[in-house]
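Descriptive structure summary
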Amino acid sequence: MRLSDYPVVFTTDSNYFFSCNAKTIRIISVETGQVVRILSASTEEGGHADTVTCVMLNPKNSLQLYSASLDGTIKLWDFNDAILLKTFEVGTPITHMAMHEGAPSDVYLVVTKKSTKRFHKKQMRKSGGLVAKENSILVRYSLKSSRKRIIRLLSSRSCSGLVISSDGEYLVMTGRYKLHVIHIAAGDGIEQGAVSENDESRFRTYLTSNRIAALAFHPTEGCIATGDERGRITLWYCFGKNVDRPVTTSMHWHAHKVASLAFTSDGNYLLSGGEESVLVIWQVSTGHKQFLPRLGSEIKHITISPDDALYAMGHQDNSVNVIRAVDLKIKNSIQGLKLSHTDPINNPLLTGLVVEPRNGHVVLNGLPGTLQFYDPIKDQHIMELEVFPRNKVSRTYEKEIVAPRVMHVAFSNDKSGRWMVTVDGRDDKTTTPELYIKFWEYDDDSHTYVLNTRVDSPHKKEVTSCIFNPRQGNQSPMVVTTSLDGTFKVWELTHQGEARRGVEAERAWSCRSTGFYRDMVPRAAGFASDGSLLAVAYDQIITLWNPYLNTLQGVLTQPPENRPIRHLTFLKNSPFLIAATSDHLYSWNLLTCSVWWSYQLKVDRLVASQTNSNFMVTCSNRVQGAAPQHRIMVFKPTDPKPVRIDTVEKKPRAITFMPDATAAAKDIVEPILIMNHGFAFEILGGRSVEELKAEAEEAAEKARVAALAAETKKSLMSDIFGKTAAMDAAAAAQDKKEKKQQQDTVASRGMVSKKNMVRNPLFDAPSHVMAPVSSLFEAFMGQLLTQGKAAKDEAKARKKALKQQKLEEAQQQAGATGNTADTAIDIDMDDDAVEIVGVKEGEDDAIPSSLAKIFSARLSL
Amino acid sequence: MSSDFKSLTVKKYPRLPGRKTAESRYWRKFKSPIVVKEFAAVSSIHFSETSPYDFAVTASTRVQIYSSKTHQVKKTISRFKDVAYSGTIRNDGRLVVAGDATGLIQIFDVGSRAILRTFRDHRHPVHVAKFSSDKTQILSASDDKTVRIWDMPSETPMTIFTGHEDYIRAGMVSHDNPHLILSGSYDQTVKLWDMRTQGCVMTMNHGAPVECVDMFPDGGVVVSAGGPHLKVFDLLAGGRPMHSLSNHQKTVTSMCFDHSYSRLLTGSLDHHVKVYNVQDYSVVHSVKYPAPVMSVALSPDDTHLVAGMAGGLLSIRQRVVKSAEVQTRRAQEEQASGGTYKFFVRGQKTAAEGDFIVESQKKRRLREYDRYLKVFQYGNALDACLRTNQPAVTTVSLIQELIHRDGLRQALSGRDDISLEPLAQFLVRNINNPRYTALLVDVTTVMINMYTAVLGQSPLIDELFMRLRAKVKQEIAFQKQLFSVIGSMEMLFAKSTSTSVGVAFHNELSSTSSSSSSIAPKTSTESPAAPTIE
């Protein structure tokens, strides 16, 4: 998901907003943060072919939406039903769009065209096409087909904003150092094409000293607000008397670029935001400021809802925060994959994709110093974990502040992923580099990982790998780290200090032993799947250790050439060890201690499956004169012939196997999860991809329904008169349905919660206000007796089931079973279960009647 | 959104092993001893069981009641003509009993000091005179080899136990059963008497003249002290000895338990008071006194440790109790017991279903340096941290945070000699601490770069810079020495056969000498991975 590339747009009732998300437009509920509908979902069905840059409600009909895209089209949507109504071909990439209800058939567009100036062409050639100078051209596009469609108004460079005044008189566009004000409502000269940029009555241009970065038009007055690169906000009063010599007011708080500006609908307040991650609310008349600091990430866009109740902010880290205007508290936060929007040089994907064992989510680098837990199937943010806690501060000088990096993350191999280990650090090249290993324990109460131990500078140099011992059972967990300083260290959970009265001893991780081998450098390590053998790759040698006794078990040397092993992994349930150097892939058989097979391959990544003995590699073949090929190959350890090959266009950023229990059982290739070059997740192959998708779809649909249900917003009517009968009935029906479902699920698990039976408000009262025991007795005993009956029924049913089971066994022994008979018995047993539930339900009804008896007894007293 | 300001996280380093246990930290809290000089050896100290926990000190012919609050003498009872022994306060805190060397036993009113009862049957010194757990009786034991139970109202002996063959110097009445009496004698035995059978029911051999006996409140286990030994007997197993301890060099003269009966304190003539954990009878702490300890007592609220010594010195140590501890104790006391109204309505104050709970939000107080950090005044934050006497680790964490924020130069710049002094002082003091060295060297480099230009203008700063230089030089020389030691030792190990030991040793040394050690492998008992040199 790319949520915050372009500003969001609210619907007129402020309950939903539209977010441009690459080629699609998502409608997101403010209340729940769930995606309610997706427009332009596929190009084949009439969606956009390129990034959607701008969306706008149809001024004539607020249930329709215009969207403009870089593919040069404008599309009109009915967003309630997600139907494409119309497509308008403009032909050139559209970056900005503006229209006014006064002239709903005229759209003002900013389109881009490659510069034709020789100087720019030359520059472009020099930079290898990276710095393409593009001209922004303002055009008017007519949606009515009878007229001349495109009329060119003016041309500028890198447009940063386009707005129309609220009365529709003026159009304002900014480009670099220029502010263009165009009088669009004066006559119909534009119609004739008789306009030129030199027509001073129509076109006015004001120059500024700094590059303009943000633009907003005051809703009631003739005033334009611009924000520039240096952080200054300028208010231009350039209408009426001041046409020639505009009066300007400047407001300066921001230290860096003002990224976005927005006026509230009454024009009293101006919101601004930028790199400081602070939302500043200016009172326009007095210049008084209010701040909302520490928003987490740089603000890119600010949108105010039509009812002025909500502020939506698009952030640099691919998230949208919706804030209530009243108390400035967050209402909802919608987050995408954080990594995709940060600088890939300062914040590379060092951790790769790590599958967390608890829920099967993918864990990867988020913002610098954090990890993000992400659900790739639903494309949903799960959790963000601050590995390196800090207050994000913006830079003081021109130079960026060096951010911390999370280098490695690994999870303990038990089902619940009890322990997590991370390696993080910070190196600003001037002070001593910091390096930390952190051990985290899952906290069941807060459902997150909590720091247990932090080890400062565990190694003298960079840590090259960090793995958990995969052994199962109750033994204390073990972690091995290897480092460029030539050592590997074994870490174990130990008890620190003694247990005090009632308090358990503190648990912490500490280094148990340190190992080294000659003067070589370890670059990779791996554990056998039962944890009894540790392999550490020292340059081109693989050393095998017993991790418990710290003894060297063996040394494997094969590659004669001087190529260090970069990847090393054991395979699950097999005696094979896979090692990869920069140009070879080796499969070692540890039973014979010999290379089983090898393959000349430039391996980028090596990933072993967690469920079976498959492994995969990514490699890129650079053929002379052709574009490099990037392949993903899946192997079995015994066979150099790949089980599966996929070719992708661009080098994938990371790959991993999706955990899939059925694949393990059937020993087939699990689905492969790829993060492609554009930071999007792709899933390749596997039997159950469609199913997974469908499941996710279903869940999403459910969430959507829930989102819609949650949004039956309170009306004034209901505020005054309470809920209407119809609403009550609907709610009751919903409740009932949910209850029924719950019961069904409980019944299907074969457990009937005893709690329901015992829950009885009678005994909650203090004893001195209760009815005497003599009058309670009968009712109470009666209750117990019904239970007894239920139990008897249950026993009977169980007996019956047992009998049937025996029968079934007998049938099987006789060898005369057919599938049909089996299913018949199954159904029969299901019926029994339902019967038991029926009895319980009856019993619940019985309790109130016994209560009534008690109360009548009390009355008679 | 607008997440809260994250206050500075102060680094936590692993505790080095072997220095201090939680136990010794606790007992060290009994500090600031007040020493009072009495006329003669303090033979007995006994705490009242009622608040405010005054205590009776018996020395020479006097019994004095000391106040726990002021540590001053509240009342002095000097109605004995000979040396008094065993001044004991009754558990309601109103009566005091004591015996003397003539065989006289007297009961006094604490308030008026008036003699209420006198018991004169003993013909030899009475070293034990205590109240029974039955309030109307007293126990006495004398050098005439008898143990007597007296009825207080009638001043007559109820029971006389004879059977010991030597002086009886220790005795007590069981807490849970006033019929059971324990006595210890110089005939090296501890005897258990039963008033119901009017005779001895159990005899345990201590092996040395018994100076002191005590019993756990449930009456199952007896502890006796005599000679340098301590013995623990299991009454339920017929007086089977469970433990025999000899942690003292000289005779153990006195014993007492703490409030919860989880620790045992013994005082001995070897000048020591030792604390035992009663689970395994291991010594968890020991306190040294300037003279042979004759008597030791711990207040029922575990706040006062009082020891009386042979030279007549009385040492009172007090532990300042944190309010949290007081609260938990109060909560324990206030726990509703069954049958009361409070017990019936307990837990009903919790919100019922449908109640709207108004939550009050507590405002977080930030420390001074955090407040400055929040408003980006880095220099002030550093000053605040150095000024308010924070532990070095806080300052180091702050400096690290400043580096993270790219604000170290900003924090150090623009200082005159007065404002630079605290930082320079800090550097001089801490630059050789291996945990901080790496970071502080960075800071020093920045500081020197900034201020070399103005050196020589202030004698204060010049002197500090010189000291810093000297300190660094000294540290480098020390490190060099260490390395040469390591080098020579490595040569020795290379010769020896056992390589793994060599590696273990190597680790230990390197972690001591390395500038910032982690959770060091110092604790590693197992030998680290052995290198195999092929």
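Note that this is a predicted model, so its numbers are computed, not measured.

**Looking at the overall build of chain A**
Check the secondary structure of chain A and you find nine helices and 55 strands. Within chain A, the fraction of its 861 residues that count as buried is 48%. Considering only intrachain contacts with a sequence separation of at least 6, the fraction spanning at least 24 residues in chain A is 45%. For chain A, the exposed area adds up to about 42,600 Å²; of that, 51% sits on carbon and sulfur atoms.

**Structural notes on the packing of helix α6 (residues 392–404) of chain B against helix α9 (residues 437–451) of chain B**
All names here are of chain B. Two elements in contact, α6 and α9, have axes separated by 11 Å at closest approach and are oriented at 60°. If you check the angle between α6 and α9, you find them oblique. The two elements α6 and α9 cross, and the hand of that crossing is left-handed. In contact with Val396, Ile399, Gln400 and Ile403 of α6, α9 contributes Leu439, Leu440 and Val443. Of the residues that constitute the contact of α6 with α9, the class distribution is six nonpolar, one polar and no charged.

**Comments concerning the pairing of strand β33 (residues 405–411) of chain A**
All names here are of chain A. Within β33, six of the seven residues are buried, which leaves it mostly tucked inside the rest of the structure. Both β33 and strand β34 (residues 419–426) contribute to a ladder of six bridges, which runs antiparallel. Of the residues in β34, the one forming a bridge with valine 406 is aspartate 424.

**Notes on the side chain of histidine 304 of chain B**
Residues and elements named next belong to chain B. Position of histidine 304 relative to the elements: it lies in strand β27 (residues 304–309). A polar atom in the side chain of histidine 304 sits 2.9 Å from the side chain of threonine 303. Aside from chain neighbours lying at most four places away, what touches histidine 304 is Phe30, Phe47, Ser68, His71, Ala297, Leu298, Ser299, Ile316, Arg317 and Gln318.

**What about the pattern of salt bridges?**
All names here are of chain A. Counting across every chain of the model gives 34 salt bridges over all chains. Aspartate 317 serves as the salt-bridge partner of lysine 338, at 3.1 Å between the closest nitrogen and oxygen. Taken together, the residues span a long stretch of sequence, with lysine 338 in the loop between β28 (330–335) and β29 (354–355) and aspartate 317 in the loop between β26 (310–315) and β27 (319–324) at a distance of 21 residues. Between arginine 512 and glutamate 492 there is a salt bridge, with its nearest N and O atoms 3.7 Å apart. Taken together, the residues arginine 512 in strand β40 (residues 506–516) and glutamate 492 in strand β39 (residues 487–496) connect sequence positions 20 residues apart. Given a relative accessible area of 10%, arginine 512 falls into the buried group. Classification of glutamate 492 as buried rests on a relative accessible area of 15%. One network of salt bridges, with partners in common, ties together Arg358, Arg418, Glu441, Asp444 and Arg507.

**Focus: the confidence of the model for chain A**
All names here are of chain A. Summarising the model, chain A shows a mean pLDDT of 79, and 76% of its residues fall at 70 or more. Segment residues 745–759: pLDDT under 50, and 10 contacts once partners within four positions in sequence are set aside and those in other chains are kept. Here residues 816–852 is modelled with pLDDT under 50, and outside its nearest four sequence neighbours on either side it reaches 36 contacts, counting other chains as well.

**Focus: the state of the cysteines**
Applying the stated criterion across every chain yields a total of zero disulfides over all chains. There is no disulfide at cysteine 54 of chain A, and the cysteine sulfur nearest it, in cysteine 20 of chain A, is 7.0 Å away. This cysteine, cysteine 212 of chain B, is not joined by any disulfide, and cysteine 256 of chain B carries the nearest cysteine sulfur, 8.9 Å off.

**What about the sheet that holds strand β9 (residues 94–98) of chain A?**
Residues and elements named next belong to chain A. Spatially, β9-β10-β11-β12 is the arrangement adopted by the four strands of the open sheet, whose pairing is antiparallel. On the outer flanks of this sheet lie β9 and β12 (150–157), each paired with one strand and no other. Sheet twist, expressed as the average angle between the axes of neighbouring strands with direction ignored, equals 25°. Of the pairings in the sheet, the one linking strand β11 (residues 134–142) to β12 comprises seven bridges and is antiparallel in character. The residue bridging isoleucine 137 from the neighbouring strand is serine 155, located in β12.

**Things to note about the nonpolar core**
Formed by 39 residues in total, the largest nonpolar core has its most connected members in Leu373, Leu382, Leu398, Ile399, Leu412, Leu423 and Met447 of chain B. Secondary structure elements with two or more residues in this core: α4 (368–374), α5 (378–387), α6, α7 (408–412), α8 (417–430), α9 and α10 (459–495) of chain B. Beyond its immediate stretch of four places on either side in the chain, leucine 398 of chain B contacts Leu8, Tyr369, Leu373, Ala381, Leu382 and Cys385 of chain B. Membership of the second largest hydrophobic core comes to 26 residues, among which are Phe17, Val30, Val322 and Val362 of chain A.

**Quick notes on the sheet that holds strand β53 (residues 654–657) of chain A**
All names here are of chain A. Within the open sheet, the three strands sit side by side as β53-β54-β55. Their pairing is antiparallel. Edge strands, defined here as strands with exactly one partner in the open sheet, are β53 and β55 (681–684). Averaged over all adjacent pairs, the angle separating strand axes in this sheet is 20°, with direction ignored. In this sheet, β55 lies alongside strand β54 (residues 672–675) in antiparallel orientation, the contact comprising four bridges. When the sheet's bridge partners are listed, leucine 673 is paired in β55 with isoleucine 683.

**A word on the packing of aromatic side chains**
Within the structure shown, the criterion is met by 39 aromatic pairs over all chains. Relative to phenylalanine 30 of chain B, the ring of tyrosine 26 of chain B lies with its centre 6.0 Å away and its plane at 80°, an arrangement referred to as edge-to-face. With a relative accessible area of 2%, phenylalanine 30 of chain B lands in the buried category. Three or more aromatic residues joined by ring pairs form one cluster here, namely Trp419, Phe439, Phe468, Trp491 and Trp509 of chain A. Its guanidinium or amino end placed over the ring of tyrosine 442 of chain A, arginine 358 of chain A lies 3.4 Å from that ring's centre, counting from NZ or CZ. In this structure, arginine 90 of chain B is placed above the aromatic ring of phenylalanine 131 of chain B, and the distance from its NZ or CZ to the ring centre is 6.0 Å.

Definitions and limits used
Every chain's residues receive numbers from 1 upward, in the order its sequence appears when written. All chains are assigned letters beginning at A, and all ligands numbers beginning at 1, according to the order in which they are written. pLDDT decides what is reported in this predicted model: residues at 70 or higher carry local features, side-chain atom pairs at 80 or more are listed and counted, and totals for whole chains, interfaces and linings draw on all residues regardless. Derived side-chain values reflect all non-hydrogen atoms in the structure, with water molecules and hydrogen atoms excluded from consideration. Starting at the N terminus, helices and strands are each numbered in turn, a helix being any DSSP run of H or I of at least four residues and a strand any DSSP run of E of at least two. Classification of residues uses two cut-offs on accessible area relative to the type maximum, computed with a 1.4 Å probe and protein chains only: under 20% is buried, over 50% is exposed, and between them is partly exposed. Any two residues whose heavy atoms approach within 4.5 Å are treated as being in contact. Using the Shrake-Rupley algorithm and a 1.4 Å probe, accessible areas are obtained, with residue cover drawn only from the displayed protein chains. Where helices are involved, their axes are fitted lines through C-alpha atoms of the stretch in contact, as for all axes, and angles between N-to-C directions lie from 0 to 180°. Each angle is binned into one of four classes, with values under 35 degrees roughly parallel, values over 145 roughly antiparallel, values of 65 to 115 roughly perpendicular, and all other values oblique. Note on convention: near helix rotated counterclockwise from far helix by under a right angle means a left-handed crossing. Clockwise means right-handed. Classes in brief: Ala, Val, Leu, Ile, Met, Phe, Trp, Tyr, Cys and Pro nonpolar; Asp, Glu, Lys and Arg charged; the others, Gly included, polar. DSSP bridges decide pairing: two strands pair if at least two such bridges lie between them. By the criterion applied in these results, polar contacts are pairs of N or O atoms within 3.5 Å in which, for protein atoms, one can donate a hydrogen and the other can accept it, and in which residues neighboring in sequence qualify only through two side-chain atoms. Any Lys or Arg side-chain nitrogen found within 4 Å of a carboxyl oxygen on Asp or Glu counts as a salt bridge. The pLDDT value expresses, per residue, how confident the predictor is, ranging between 0 and 100. In this description, a disulfide is simply a cysteine sulfur pair whose atoms lie within 2.5 Å. For the purposes of this section, nonpolar cores are sets of buried Ala, Val, Leu, Ile, Met, Phe, Trp, Tyr and Cys residues that join through side-chain atoms within 4.5 Å. For this analysis, a ring pair means two rings from Phe, Tyr or Trp (six-membered ring only for Trp) whose centres lie within 6.5 Å, classed as stacked if their planes differ by under 30 degrees, edge-to-face if by over 60, and tilted for the remaining angles. Our definition puts a charge over a ring when NZ of Lys or CZ of Arg is within 6 Å of the ring centre and also within 35 degrees of the ring normal.

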